[in-house]
Amino acid sequence: MQDQIKNINTLEELQALYTATFGKNGTMTARLKEMKNLDNDARAALNRENVILRELFKARQTEIENAVLMAGLQQQKLDVSLNAMPANRGTLHPMTQSLIEISEILESFGYAPYTGPDIEDDWHNFTALNTPDYHPARDMQDTFFLENGNVMRTQTSAIQIRTMEKTGASVKMFGIGATYRKEMDATHAPMFGQIEGLYVNKNITMSDLIGDIRAFLKRFFEIDDVELRIRPSYFPFTDPSIEIDLKWKNGRWLEIMGAGMVHPNVLRNCGINPDEYQGFAFGFGWDRLAMLKYDLPDLRDFRGNDVRWLKSAGF
Ligand code: PHE
């Protein structure tokens, strides 16, 4: 019996033998029932046999369970010599890359970065920018209105107002933010990034503006010979107002940004005396600039969050 137990290799067989020995009709069970008929020595021997057999069953059970566990572990063994899956390296999104570059250039020119709320009140988005209620220029941008009269910021010019209200005259800053307009095609998205520069001080002129823009475009697009076309334009918050085109590598003119001398009413609205101070402002879509720089055709892809597109565009 003892050898029989030791030679069993599965839990099922062990269980079967245990039942045949200690079960209701088991051999040992029957013998134990007859114990009262035995003499003292035989009784002691049977008791010992009973204890030993139970111990043996228990020990064998543990051995088989361990063997099963070990076999399982052997099968699951890791082959650490296998090559790893190629790692997918992330990169900065072209929007982020261009924002970093633009900020670095403007900051090196002495412009300090500012942000503001995406939901603007009427004062900062329109009225303080010399665009009161009745002003037809409110229709220049297709505005998203909120029920409480606030708007989704249509232009980062609102950040200029907030900054001037705080700093007063003598300010050189640029605002960075998302702007929102009801428009959507390959070169317009309902949400786009805008950056606007503002420089207010004494004796600021239009040539300061054009000089900074030229230097900025030279650095950002890495072109030595910046050829600009200055066209008269209209914005309610600048006077005179201009639009600036850049001659691209293929000889085509690209519309890059709007700009102008800050309208005296705007300065007045921010508590700055326009007889003493002048300023210029310029604004551009930073998605648009990134599109040009990286030669990407469709603005909508920028916010698509599609890694395949980013990879195919070389990022
Ligand atoms: N805010 C103008 C726009 O969104 C751009 C602009 C900024 C023009 C600053 C002049 C000066 O179209």
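Residues numbered from 1 in each chain as written. Predicted model: local features only at pLDDT ≥ 70, side-chain atom pairs only at ≥ 80, totals over all residues. Heavy atoms only, no water.

Participant: Any chance you could explain the pattern of salt bridges here in plain terms?
Facilitator: A side chain with one charge can pair with a side chain of the opposite charge if their charged atoms come near. Evaluation of the coordinates by the stated rule reveals 16 salt bridges. For Arg-138, the salt bridge goes to Asp-133, with nearest N and O atoms at 3.6 Å. With relative accessibility at 12%, the residue Arg-138 sits in the buried group. By relative accessible area, which is 64% here, Asp-133 ends up exposed. Across the pair Arg-231 and Glu-255 runs a salt bridge whose closest N-O atoms are separated by 4.0 Å. (Salt bridge = Lys/Arg side-chain N within 4 Å of Asp/Glu carboxyl O. Buried < 20%, exposed > 50% of the residue type's maximum accessible area, 1.4 Å probe, protein only.)

Participant: I keep staring at helix α4 (residues 40-75) and nothing clicks. Help me out?
Facilitator: When the terminal C-alpha atoms of α4 are compared, their 53 Å separation across 36 residues agrees well with the 52 Å that a helix rising 1.5 Å per residue should span. Those residues of α4 lying buried are Leu-46, Asn-50, Leu-53, Leu-56, Phe-57, Arg-60 and Ile-64. Elements that come into contact with the buried residues of α4 comprise α1 (2-7), α2 (11-22) and α3 (27-33). One side-chain oxygen at the N-terminal end of α4 lies 3.3 Å from the backbone nitrogen of Asp-41; it belongs to Asp-39. (Helix = DSSP H or I, 4+ residues; strand = E, 2+ residues; numbered from the N terminus. Expected span 1.5 Å × (residues − 1). Contact = heavy atoms within 4.5 Å. Polar contact = N/O pair within 3.5 Å; in protein donor to acceptor, adjacent residues only side chain to side chain.)

Participant: What should I look at first to understand α2 in this one?
Facilitator: Each full turn of the α-helix corresponds to 3.6 residues, which orients residues three or four apart in the same direction. Between its terminal C-alpha atoms α2 stretches 16 Å, which fits the 16 Å expected from twelve residues at 1.5 Å a residue. Looking at the buried positions of α2, the neighbouring elements they touch are α1, α3 and α4.

Participant: Teacher, can you tell me more about the sheet that holds strand β7 (residues 238-247) here?
Facilitator: For sheets, the rule is that strands pair by backbone hydrogen bonds, running either parallel or antiparallel. The seven strands lie next to each other as β1-β4-β5-β9-β8-β7-β6, forming an open sheet whose pairing is mixed. Edge positions in the sheet fall to β1 (112-114) and β6 (228-235), since each has one partner strand and no second. Between one strand axis and the next, the sheet turns by 25° as a mean value, whatever way the strands run. Helix α7 (residues 157-167) contacts β1, β4 (171-180), β5 (191-201) and β9 (278-285) of the sheet and is inclined by roughly 145° relative to β4. (Pairing = 2+ DSSP bridges. Axes fitted to C-alpha atoms, helices over the stretch in contact; angles between N-to-C directions.)

Participant: So what exactly am I meant to see when it comes to empty space enclosed by the protein here?
Facilitator: Regions of empty space are outlined by a rolling probe, equal in size to a water molecule, passed over the atoms. Summed over the entire model, instances satisfying the criterion amount to one cavity of 30 Å³ or more. Taken as a whole, the largest cavity holds about 40 Å³ of empty space. Forming the walls of the largest cavity are Leu-129, Gln-160, Met-164, Leu-198, Phe-237, Thr-238, Val-262, Val-266 and Ala-281. A class-by-class count of the residues in the lining of the largest cavity yields seven nonpolar, two polar and no charged. (1 Å grid on protein atoms, 1.4 Å probe; cavity = no way out; pocket = protein on both sides within 12 Å on 5 of 7 lines; lining within 4 Å. Points joined across faces, edges and corners; volume = space filled by probe spheres on them. Nonpolar A, V, L, I, M, F, W, Y, C, P; charged D, E, K, R; others polar.)

Participant: Mind showing me how you'd approach the domain arrangement of the protein here?
Facilitator: For interface size, the figure often reported is the accessible area lost on association. Taken as a whole, the protein is organised into domain 1 (2-75) and domain 2 (94-312). Here domain 1 and domain 2 have C-alpha centroids that lie 89 Å from each other. (Domains from an automatic or database assignment.)

Participant: Looking at this structure, I do not really get the packing of α2 against α4. What am I missing?
Facilitator: Between two packed helices, what matters for the description is the angle formed by their axes and the separation of those axes. Relative to each other, α2 and α4 sit at 165°, their axes nearing to 10 Å. The pairing of α2 with α4 is recorded here as roughly antiparallel in orientation. In this structure, α2 crosses over α4, and the sense of that crossing is left-handed. For the pair formed by α2 and α4, the contact residues are Leu-11, Leu-14, Leu-17, Tyr-18, Thr-21 and Phe-22 on the first element and Asn-50, Leu-53, Arg-54, Phe-57, Arg-60, Gln-61, Ile-64 and Glu-65 on the second. Split by residue class, the contact of α2 with α4 holds eight nonpolar, three polar and three charged. (Parallel < 35°, antiparallel > 145°, perpendicular 65-115°, else oblique. Left-handed = near helix turned anticlockwise from the far one by under 90°.)

Participant: Honestly, the nonpolar core in this entry has me stumped. Any pointers?
Facilitator: Among soluble globular proteins, nonpolar side chains are generally buried collectively. Counting residues in each nonpolar core, the largest one holds 44 residues, and the members touching the most others are Ile-102, Phe-216, Leu-217, Phe-221, Leu-246, Phe-282 and Phe-284. Contacts of Leu-246, omitting those with residues within four sequence positions, involve Leu-217, Phe-221, Ile-223, Val-226, Glu-227, Leu-228, Arg-252, Trp-253, Leu-254 and Ile-256. Formed by 19 residues, the second largest nonpolar core is a distinct cluster that contains Leu-129, Ile-159, Val-171 and Ala-281. (Core = buried A, V, L, I, M, F, W, Y, C linked by side-chain atoms within 4.5 Å.)

Participant: How should I be thinking about the site of the ligand in this particular structure?
Facilitator: Neighbouring residues of the ligand: 14 residues in total, closest Gln-155, Ser-157, Arg-181, Gln-194 and Glu-196. In the environment of the ligand, a nitrogen atom lies 3.2 Å from a nitrogen or oxygen atom belonging to the side chain of Ser-157. Here an oxygen atom of the ligand sits 2.8 Å away from a polar atom, N or O, in the side chain of Gln-194. Its free accessible area being 330 Å², the ligand has 92% of it covered by the protein chains. In this structure, the ligand is accommodated by the largest pocket. Listing elements by their share of the shell around the ligand, those giving two or more residues are β5, β8 (253-262) and β9. At three residues, β9 tops the list of elements feeding residues into the shell around the ligand. (Near = heavy atom within 4 Å. Areas by Shrake-Rupley, 256 points an atom, 1.4 Å probe, with all protein chains shown as cover. Sits in = over half its atoms within 2 Å of the grid points.)

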